[in-house]
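# Summary of the model geometry
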Amino acid sequence: MNIDNLKSQMRKGMLEFSVLLLLRGGDAYASEIISRMKDARLIVMEGTLYPLLTRLKNDGLLTYRWEESPSGPPRKYYSITPLGHDFLRQLQTSWDEITHTINHLRNLPYMPAEMRSEDACTVEVEAEEVEEEIKVAACHSSDSDDNTVPPAYIP
């Protein structure tokens, strides 16, 4: 698997969220959005942004207005609508759930393949001449201590 392809897919998946986050701070025109995204290390091309802005506008999440520019042609300034703010809150909740899930998985203890067993819930570990048994949390998923955030659903 090519990591660059995966990174590209991940960026595309969060592009709508990123645009709405940016516009919640104030109106912006397309070149300004591209520049701010670049500042955030998210490279977006005009050929990607313009269709996205049109789709978000057609979905009622954005609106725009024309404003004269001191240098050059008039600029189309995009702003987030009340429906866009509602959608952004939903995206933020989804992002928080996904982030929680990924952080949970990243913090699980590493267990080499040779120590894993499908039917084993315990692993013996030697530490300074002392053997102790460590229960593997994955075997007891119903005993989870943290039920505050539901598991992330990624269709």
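Residues numbered from 1 in each chain as written. Predicted model: local features only at pLDDT ≥ 70, side-chain atom pairs only at ≥ 80, totals over all residues. Heavy atoms only, no water.

### A look at the overall build of the chain
How we decide: Each helix is a run of H or I in the DSSP string that is no shorter than four residues. Each strand is a run of E no shorter than two, and both are numbered from the N terminus. Here, residues are in contact when the closest pair of their heavy atoms is within 4.5 Å. Note on areas: these come from Shrake-Rupley sampling with a 1.4 Å probe, and a residue is covered only by the protein chains present in the view.
The number of helices and strands found in the chain is five helices and five strands. Looking at the chain alone, contacts between residues at least 24 apart form 45% of all its contacts between residues at least 6 apart. Carbon and sulfur atoms form 52% of the exposed surface of the chain, whose accessible area is close to 11,900 Å².

### Quick look at the environment of Ser8
Assignment of secondary structure puts Ser8 in helix H1 (residues 3–13). Separated by 35 residues in sequence, Ser8 and Ile43 have C-alpha atoms that sit 9.9 Å apart.

### Remarks on the sheet that holds strand S2 (residues 62–67)
For clarity, the threshold we go by: Any two strands with at least two DSSP-identified bridges between them are counted as paired. Fitting a line to C-alpha atoms yields each axis, with helices limited to the stretch in contact; the angle taken between N-to-C directions then spans 0 to 180 degrees.
The sheet built from three strands is open, its strands ordered S1-S3-S2 with antiparallel pairing. Each end of this open sheet is capped by a strand with a single partner; those strands are strand S1 (28–29) and S2. As judged from the two bridges shared by S1 and strand S3 (residues 75–80), these two strands associate in the antiparallel manner. Note that in S3 the partner of Tyr29 across the bridge is Tyr77. Running over the sheet, helix H2 (residues 15–23) touches S1, S2 and S3 and is turned about 95° from S3.

### Some details on the pattern of salt bridges
Here is the rule we go by: Throughout this description, the term salt bridge denotes a Lys or Arg side-chain nitrogen within 4 Å of a carboxyl oxygen of Asp or Glu. Between buried and exposed lies partly exposed: a residue is buried under 20% and exposed over 50% of the maximum accessible area for its type, with that area taken using a 1.4 Å probe on protein chains only.
The final tally for this structure, using the stated rule, is five salt bridges. Taking the shortest distance from any N to any O, the salt bridge between Glu16 and Arg55 comes out at 2.4 Å. Highlighted residues: Glu16 in helix H2 and Arg55 in helix H4 (residues 46–58), separated in sequence by 39 residues. On the basis of relative accessible area, Glu16 is assigned to the partly exposed category, the value being 24%. Classification of Arg55 as partly exposed rests on a relative accessible area of 40%. Where Glu32 meets Arg36, a salt bridge forms, and the shortest distance between an N and an O atom there is 2.8 Å. Placement of the pair is Glu32 and Arg36 together in helix H3 (residues 30–39), with a separation of four residues, close to one helical turn.

### A few points about the packing of aromatic side chains
Rules: Each Phe, Tyr or Trp ring (for Trp, its six-membered ring) is paired with any other whose centre lies within 6.5 Å, and the angle between the two planes then decides the class: stacked below 30 degrees, edge-to-face above 60, tilted in between.
Throughout the structure, instances matching the rule amount to four aromatic pairs. Where Tyr29 meets Tyr77, the ring centres are 5.3 Å apart and the plane angle is 70°; that geometry is what we call edge-to-face. Placement of the pair is Tyr29 in strand S1 and Tyr77 in strand S3, with a sequence separation of 48 residues. Overall, Tyr77 belongs to the buried group, its relative accessible area being 13%. Here Tyr64 and Tyr78 contribute two aromatic rings whose centre-to-centre distance is 6.0 Å and whose plane-to-plane angle is 55°, an arrangement assigned as tilted. Of this pair, Tyr64 sits in strand S2 while Tyr78 sits in strand S3, and the two are 14 residues apart along the sequence.

### Re helix H5 (residues 82–106)
Put simply, the test is: Expected span, for any helix, means 1.5 Å times one less than how many residues it has.
Its 25 residues give H5 an end-to-end C-alpha distance of 36 Å, which sits within 8% of 36 Å, the value for a rise of 1.5 Å per residue. Tucked inside the fold, the buried residues of H5 contact H2 and S3.

### Looking at the packing of H2 against H5
This is how it is decided: In this scheme, roughly parallel covers angles under 35 degrees and roughly antiparallel covers those over 145, while 65 to 115 is roughly perpendicular and the rest are oblique. Here a crossing is taken to be left-handed if its near helix is turned anticlockwise relative to the far helix by less than a right angle, and right-handed if that turn runs clockwise. Residues are grouped as follows: Ala, Val, Leu, Ile, Met, Phe, Trp, Tyr, Cys and Pro are nonpolar; Asp, Glu, Lys and Arg are charged; all remaining types, including Gly, are polar.
Close contact between H2 and H5 brings their axes to 10 Å; oriented N to C, the two are set at 125°. If you check the angle between H2 and H5, you find them oblique. Judged by the sense of rotation from one axis to the other, the crossing of H2 with H5 is left-handed. For the pair formed by H2 and H5, the contact residues are Glu16, Phe17, Leu20 and Leu21 on the first element and Gly84, Phe87, Leu88, Leu91, Gln92 and Trp95 on the second. When grouped by side-chain class, the residues that make up the contact of H2 with H5 number seven nonpolar, two polar and one charged.

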